[in-house]
Amino acid sequence: MRKLLLLLCCWCSATVAAFAEEQFSTDVPLLRQEQLNSTFWQTKLTGADKLLLSTEEIAGRNQQTFNQQSEMQLLQNLPTHYSKAELAAILQAVSSVPEAPRFYVDGSEVTPKQWQGYTALLAQKQLKPQTAIQFGLVVKRTALRAFPTDDRVFNAQLNTDLDRFAETALFVADAVAVLHQSLDKQWLLVRSFNYTGWVKAADIAIGSKEQVFAYTAKAPFLITTGAKVRTAYNPEVAAVSELQLDMGIRLPQLSAAETGFNVHGQNPAASYIVQLPLRRNDGSLAFTPALIPRSEDMHQGYLPFTASNIVAQAFKFLGERYGWGHDYNGRDCTGFIGEIFRSFGFLMPRNSGQQGNGTYGRNIRFDSHSSKDDKLTAIQQAQVGDLLYFPGHVSLYLGMLDEQPFMIHDVNTLVYPTADGLYVGTLNSVVVTPLLPLHANPEQSYLDALYAIKSLR
């Protein structure tokens, strides 16, 4: 028996050693396995838990952003009606036929007749002289699209990960202004605080303006701080059973004193009780209590805005599949950044160009006259959690390591020069990479493409 135990111990030791010696294989230059852990970067921070801005200061920054960025809109301040000409202009901006050709997944080009079909769905002929604005709440994560259709179209490169009708996503409890409906009445044209597009009508519950904005301002509240959180299984109300809640959602918190000790057949003692919007059969807005297990990643109030928390939030998405326009139940580069900072209470423009060129925050800008040394110096002086902007892309700065700047980002492609020429690979996920060896595109390095560094501190 002792001999057998000795052999087992030796085997276990050898197995552990083999795992420890396992080589981390990647085609990402300079990336080491330990860099894929948030604590690796957090332990390098100075003042990791220092509060960078208070909740009140962040609210002030948001006001500044809304004042400075024309694409940001406080929905409460929208007019009560839009004229026919105003709605027609909005439709043209959201759903115009692109000049470049588009293709279906089988490679066939979208024909003029098919474009006519898509534009007919816009119901422009049904526009009234005056249309009253309605308001609603999102009841499940929903895609916001350029045209009221689930059809997927692509550019000439036929990268089927990049659906050109996909714009972004709206999350549970997001407030929207409802501007118009599609010809088949299956889609609504809605405006969120930072984007306008088409969503499925079944995912929106229509209420009064007072109902909607009283809900979004209700306190106390919880914030979803996990990448994806789910409500408890609910056999009584299917609409809120195992409902996905993405990072940064604000939900009114209820107490057992308000709901009682039986919430849809479950005692709430081990759960958070939240109030969720429901869509009645007629499309109108209702509310219901729902439970989120306390094992889920939630926070009472906004998460404290610290460097350590910025890194922690970013790494909660590590390995998630890249989703252009929030496709694939994921997010893209700006969605990644937006959701991280939303968990602290920040509201930001939707697109990277709007963010990078925006005047909110503290900004360092570069142009064609900026040297590489100028950019490197600015990067070295940047703080962890600052945002690096490139044409069509944004990343979050993690710091310097062995004189190399590193970043975490949600990115589609992997491009860098080698002795044998340009290496073109795939990332398609949230990943850590160095900045200097990589290219933003086949023609331009990330360093050359860098046009802004933004700090929200």
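Figured I'd write up the structure that's included with this text.

Conventions adopted
Residues numbered from 1 in each chain as written. Predicted model: local features only at pLDDT ≥ 70, side-chain atom pairs only at ≥ 80, totals over all residues. Heavy atoms only, no water. Core = buried A, V, L, I, M, F, W, Y, C linked by side-chain atoms within 4.5 Å. Buried < 20%, exposed > 50% of the residue type's maximum accessible area, 1.4 Å probe, protein only. Contact = heavy atoms within 4.5 Å. Salt bridge = Lys/Arg side-chain N within 4 Å of Asp/Glu carboxyl O. Helix = DSSP H or I, 4+ residues; strand = E, 2+ residues; numbered from the N terminus. 1 Å grid on protein atoms, 1.4 Å probe; cavity = no way out; pocket = protein on both sides within 12 Å on 5 of 7 lines; lining within 4 Å. Points joined across faces, edges and corners; volume = space filled by probe spheres on them. Nonpolar A, V, L, I, M, F, W, Y, C, P; charged D, E, K, R; others polar. Polar contact = N/O pair within 3.5 Å; in protein donor to acceptor, adjacent residues only side chain to side chain. Phe/Tyr/Trp six-rings, centres within 6.5 Å; stacked < 30°, edge-to-face > 60°. Lys NZ or Arg CZ within 6 Å of the ring centre and 35° of its normal. Arc of directions from axis to C-beta. Axes fitted to C-alpha atoms, helices over the stretch in contact; angles between N-to-C directions. Parallel < 35°, antiparallel > 145°, perpendicular 65-115°, else oblique. Left-handed = near helix turned anticlockwise from the far one by under 90°. Pairing = 2+ DSSP bridges.

**Quick word on the nonpolar core**
With 62 residues, the main nonpolar core has Trp41, Phe305, Phe341, Phe344, Leu396, Leu398 and Ile408 as its most contacted residues. Not counting the four nearest positions on each side in its chain, phenylalanine 341 is found in contact with Phe305, Ile310, Phe346, Met348, Gly385, Leu387, Leu396 and Leu456. Listed in part, the 52 residues of the second largest apolar core include Trp115, Val139, Leu245 and Ala286.

**Some remarks on the pattern of salt bridges**
Here the structure, examined in full by the defined rule, presents 16 salt bridges. Of the charged contacts in the structure, one is a salt bridge between arginine 32 and aspartate 402, with a shortest N-O distance of 3.8 Å. Taken together, the residues arginine 32 in the loop between α1 (2–21) and α2 (38–42) and aspartate 402 in the loop between β19 (393–401) and β20 (404–418) connect sequence positions 370 residues apart. The exposed category is assigned to aspartate 402, whose relative accessible area is 62%. Lysine 228 is the partner of glutamate 320 in a salt bridge, and the nearest nitrogen-oxygen pair spans 2.7 Å. Of this pair, glutamate 320 sits in the loop between α8 (307–315) and α9 (333–342) while lysine 228 sits in strand β11 (residues 228–230), and the two are 92 residues apart along the sequence.

**Things to note about empty space enclosed by the protein**
Using a probe with the size of a water molecule, rolled over the atoms, empty space left in the structure can be pinpointed. Across all of its chains, the model carries 3 cavities of 30 Å³ or more by this definition. Reported here for the largest cavity is a volume of approximately 70 Å³. As for the largest cavity, its lining consists of Thr231, Ala232, Tyr233, Asn234, Val240, Val263, His264, Gln266, Ala290 and Leu291. Grouping the constituent residues of the lining of the largest cavity by class yields 6 nonpolar, 4 polar and no charged. What the second largest cavity holds in volume is close to 40 Å³. Every residue lining the second largest cavity is listed: Arg61, Thr65, Phe346, Leu347, Met348, Tyr360, Gly361 and Leu456. Residue composition of the lining of the second largest cavity, by class: 5 nonpolar, 2 polar and 1 charged.

**Quick word on the environment of serine 108**
Here serine 108 lies in the loop between α4 (84–94) and α5 (112–120). Separated by 45 residues in sequence, serine 108 and valine 153 have C-alpha atoms that sit 9.9 Å apart. Apart from the residues lying within four places of it in its own chain, the contact partners of serine 108 are Arg102 and Phe103. A polar contact is formed between the side chain of serine 108 and the side chain of aspartate 106, at a distance of 2.6 Å.

**Describing unusual backbone geometry**
The omega angle of the peptide bond from alanine 219 to proline 220 is 0°, so this bond is cis rather than trans. With a phi angle near 55°, leucine 158 is a residue other than glycine that sits in the positive phi range. Looking at where leucine 158 falls in the secondary structure, it is placed in the loop between β4 (142–145) and β5 (166–170).

**Overview of the packing of aromatic side chains**
On inspection of all chains with the given rule, the structure shows 21 aromatic pairs. Geometrically, the ring pair formed by tyrosine 389 and tyrosine 451 is tilted, given 6.4 Å between the ring centres and 45° between the ring planes. Remark: tyrosine 451 occurs in the loop between α12 (446–449) and β24 (452–455) and tyrosine 389 occurs in strand β18 (residues 387–390); sequence separation between them is 62 residues. Per residue, the accessibility class of tyrosine 389 equals that of tyrosine 451, and both read buried. Taken together through their ring pairs, the aromatic side chains of Trp115, Tyr118, Phe147 and Phe165 make up a single cluster. If you follow arginine 250 out to its NZ or CZ, it ends over the ring of phenylalanine 221, 3.7 Å from the centre.

**What about α4?**
Looking only at α4, the buried set comprises Leu87, Ile90, Leu91 and Val94. The arc that holds the buried residues of α4, viewed along the axis, is 100°, so those residues lie on one side. Residues of α4 that are exposed and angled more than 90 degrees away from the buried face: Ala85, Gln92 and Ala93. The inward-facing, buried residues of α4 contact β1 (81–83), β2 (130–132), β6 (175–181), β7 (187–191) and β8 (196–200).

**Describing the packing of α8 against α9**
Put simply, α8 and α9 touch, their axes get as near as 9 Å, and they point 130° apart. Considering the angle they form, α8 stands oblique to α9. Pair α8 / α9 crosses with right-handed handedness. Touching Ile310, Gln313 and Ala314 of α8 are Phe336, Ile340 and Phe341, all from α9.

**Side note on the sheet that holds strand β14 (residues 271–279)**
What the 5 strands build is an open sheet, ordered β15-β14-β13-β10-β16; its pairing is antiparallel. Of all strands in the sheet, those bounded by a partner on one side alone are β15 (285–293) and β16 (298–300). Along the sheet, successive strands turn relative to each other by an average axial angle of 40°, direction set aside. Pairing between strand β10 (residues 221–224) and strand β13 (residues 250–254): 3 bridges, direction antiparallel. Residue pairing for β13: leucine 222 is matched across the bridge by leucine 251. Against the sheet, helix α6 (residues 209–216) contacts β13, β14 and β15, and its axis sits at roughly 20° relative to β15.

**Re the pairing of β7**
Of all 5 residues in β7, 5 are buried; the element is thus mostly enclosed. Burial of the side chains of β7 extends over both faces: Trp187, Leu189 and Arg191 are buried on one face and Leu188 and Val190 on the other. As defined by bridge partners, β6 adjoins β7 across 4 bridges and the pair is classed as antiparallel. Its bridge partner lying in β7, alanine 177 is registered against arginine 191. Linking β6 to β7, which pair antiparallel, is a turn of 5 residues; within it lysine 185 sits at a positive phi near 65°. One ladder, built from 5 bridges, connects β7 with β8; its direction is antiparallel. Looking at the pairing, arginine 191 lines up with threonine 196 of β8.

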